[in-house]
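The residues making up each chain are set out below.
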Amino acid sequence: MTSRSTTDRTRLPPMSALPPMYLFTGSEELLVRRAAARLIDQMRSDGPVEVIDVRAGELRERGMPDLRTGSLFGDRRAVLIRDAQELPADMAASLVSELDGPPPEATVILMASGTGRIMKLARSIKHAGGRVDVSPPKDWEDRKWAQLVRDEFAQHERKATNDAVTALLGHAGLDVGQIAEKVSQVVAAADPGTIGEAEVERAVVGHGSRGSFAVADAMCSREPARALELLRGVLEAGNDPIMVLGALVYRVRSILAVAGKVDPKRVGLRISGGQARHLRAARGNFGPGELTRARRTLADADVLLKSGDVPPQLVIERAVVDVATPAADHDPR
């Protein structure tokens, strides 16, 4: 049995089919927490649930909560274990044993950033149908990012217009934590009712950065002014120019690989079918020889950045504007 995967929403089976143990895992702690909370909310739709909330590190002294004794009031019980990647080996083994026997009275819900130290437990939960891998949308999945923002507003029982969602992403970027923080800022400052773009702009302080790959997208869409705006937001947010350049180079290399029908894995790239379509469309923005020139421009920028002879911001700004500007628009002087 394979594990389920989700981005911003957790798809769970009917209550009658819930596994006795769940493992929510992913690098974005906020999304993992939200997924686990949705499971508990679903359990509560069938009646009261007693939740025992502990961290894995606390279990060394406290021991594992009793999973076999029902609630005194007959309510369902859930044992929520945070930071489950830090579970002591003996307790991880005991949970594996629980899955091998009759289902425990309590539903065990583990939240983990990874599975390296609890691999055997993770496999057992996956086999039981309870593993859910939680991840944010991919950079190019605009609709999913917009839905994530809407879901975040829904956490505060608020709705936002499409323009408000776009504006908030422009300020927060593709950063789950920043999205949650800025939604909270907007909700705290906005009047009752549906939130519009004006409320977002009044409440949020930001620079229009959607991350290094957003800079790459604008650059490869041949929008120099937009690319420069996004780049300055990224740099002002503290991103290392070398790392930003790495994203730009990766995007240009990906376009070249797709254009040349090269197997991405052979050149160290990971390109999904959806991203390949996105890259083929970007290829159409470049005329003859322009992609080769773009690659050379970024390579020259890498040398300059590492030499330290020119201010890093100036180096990368020049490179981005040069690549983003179509050949016909370049000043011949």
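The shown structure was predicted, so the numbers you read here are calculated from the model rather than taken from an experiment.

Examining the overall build of the chain
(1) Moving on: If you tally the helices and strands in the chain, you get 14 helices and 6 strands.
(2) Moving on: Counting only residues that meet the buried cut, the chain has 44% of its 333 residues in that class.
(3) Moving on: Counting only contacts in the chain whose residues sit at least 6 apart along the sequence, the fraction spanning at least 24 positions is 75%.
(4) Moving on: Accessible surface computed for the chain: about 17,300 Å², of which carbon and sulfur atoms make up 50%.

Focus on the packing of aromatic side chains
(1) Moving on: All chains considered together, the criterion is met by 2 aromatic pairs.
(2) Moving on: Ring centres of tyrosine 22 and phenylalanine 24 lie 5.6 Å apart, and the angle between their planes is 10°; on these two criteria the pair is classed as stacked. Comparing tyrosine 22 with phenylalanine 24, the two get one shared label, buried.
(3) Moving on: Between phenylalanine 213 and tyrosine 250 the ring centres are 6.3 Å apart and the planes differ by 90°, which places this aromatic pair in the edge-to-face class. Taken together, the residues phenylalanine 213 in helix α9 (residues 212–220) and tyrosine 250 in helix α11 (residues 241–259) connect sequence positions 37 residues apart.
(4) Moving on: Overall, tyrosine 250 belongs to the partly exposed group, its relative accessible area being 23%.

Re the packing of α9 against helix α10 (residues 224–236)
(1) Moving on: Interhelical geometry of α9 versus α10 gives an angle of 165° and a closest axis separation of 8 Å. The angle between α9 and α10 falls in the class roughly antiparallel. The element α9 and its partner α10 pack so that their crossing is left-handed. Residues Ser212, Ala214, Val215, Ala218 and Met219 of α9 lie in contact with α10, whose contacting residues are Arg226, Ala227, Leu230, Leu231 and Val234.
(2) Moving on: Of the residues in the contact of α9 with α10, the class split is 8 nonpolar, 1 polar and 1 charged.

Focus: the pattern of salt bridges
(1) Moving on: Going through the model one piece at a time under the given rule, you end up with 15 salt bridges.
(2) Moving on: Across the pair arginine 232 and glutamate 317 runs a salt bridge whose closest N-O atoms are separated by 3.0 Å. Remark: glutamate 317 occurs in helix α14 (residues 312–324) and arginine 232 occurs in helix α10; sequence separation between them is 85 residues.
(3) Moving on: Overall, arginine 232 belongs to the partly exposed group, its relative accessible area being 36%.
(4) Moving on: Under the relative-accessibility criterion, glutamate 317 is labelled buried at 12%.

Description of the nonpolar core
Within soluble globular proteins, side chains that are nonpolar generally end up buried alongside one another.
(1) Moving on: Phe24, Ile109, Phe153, Leu168 and Ile179 are the most contacted members of the largest nonpolar core, which totals 41 residues.
(2) Moving on: The greatest single-element share of this core, amounting to 8 residues, is contributed by helix α1 (residues 29–44).
(3) Moving on: Isoleucine 109 has contacts with Tyr22, Phe24, Ala36, Leu39, Ile40, Met43, Ala78, Val79, Leu80 and Ile81, leaving out every residue within four places of it along the chain.
(4) Moving on: By size, the runner-up hydrophobic cluster in this structure holds 36 residues, among which are Ala216, Met219, Leu248 and Leu298.

Some remarks on the confidence of the model for the chain
(1) Moving on: A residue-level look at the chain finds 88% of positions with pLDDT of 70 or above and a mean pLDDT of 84.
(2) Moving on: Per-element confidence in the chain ranges from a low mean pLDDT of 55 for strand β1 (residues 4–6) to a high of 95 for α14.

Here's the deal with helix α5 (residues 142–155)
(1) Moving on: Taking 1.5 Å per residue, 14 residues should reach 20 Å; α5 reaches 20 Å between its end C-alpha atoms and fits that length.
(2) Moving on: Phi turns positive one or two residues past the end of α5, at glutamate 157, with a value near 60°.

Thoughts on the environment of glycine 63
(1) Moving on: Here glycine 63 lies in the loop between α2 (59–62) and β4 (76–82).
(2) Moving on: Spatially, the C-alpha atom of glycine 63 lies 8.3 Å from that of methionine 91, the residues being 28 residues apart in sequence.

Cut-off values and rules
Residues numbered from 1 in each chain as written. Predicted model: local features only at pLDDT ≥ 70, side-chain atom pairs only at ≥ 80, totals over all residues. Heavy atoms only, no water. Helix = DSSP H or I, 4+ residues; strand = E, 2+ residues; numbered from the N terminus. Buried < 20%, exposed > 50% of the residue type's maximum accessible area, 1.4 Å probe, protein only. Contact = heavy atoms within 4.5 Å. Areas by Shrake-Rupley, 256 points an atom, 1.4 Å probe, with all protein chains shown as cover. Phe/Tyr/Trp six-rings, centres within 6.5 Å; stacked < 30°, edge-to-face > 60°. Axes fitted to C-alpha atoms, helices over the stretch in contact; angles between N-to-C directions. Parallel < 35°, antiparallel > 145°, perpendicular 65-115°, else oblique. Left-handed = near helix turned anticlockwise from the far one by under 90°. Nonpolar A, V, L, I, M, F, W, Y, C, P; charged D, E, K, R; others polar. Salt bridge = Lys/Arg side-chain N within 4 Å of Asp/Glu carboxyl O. Core = buried A, V, L, I, M, F, W, Y, C linked by side-chain atoms within 4.5 Å. pLDDT = per-residue confidence, 0-100. Expected span 1.5 Å × (residues − 1).

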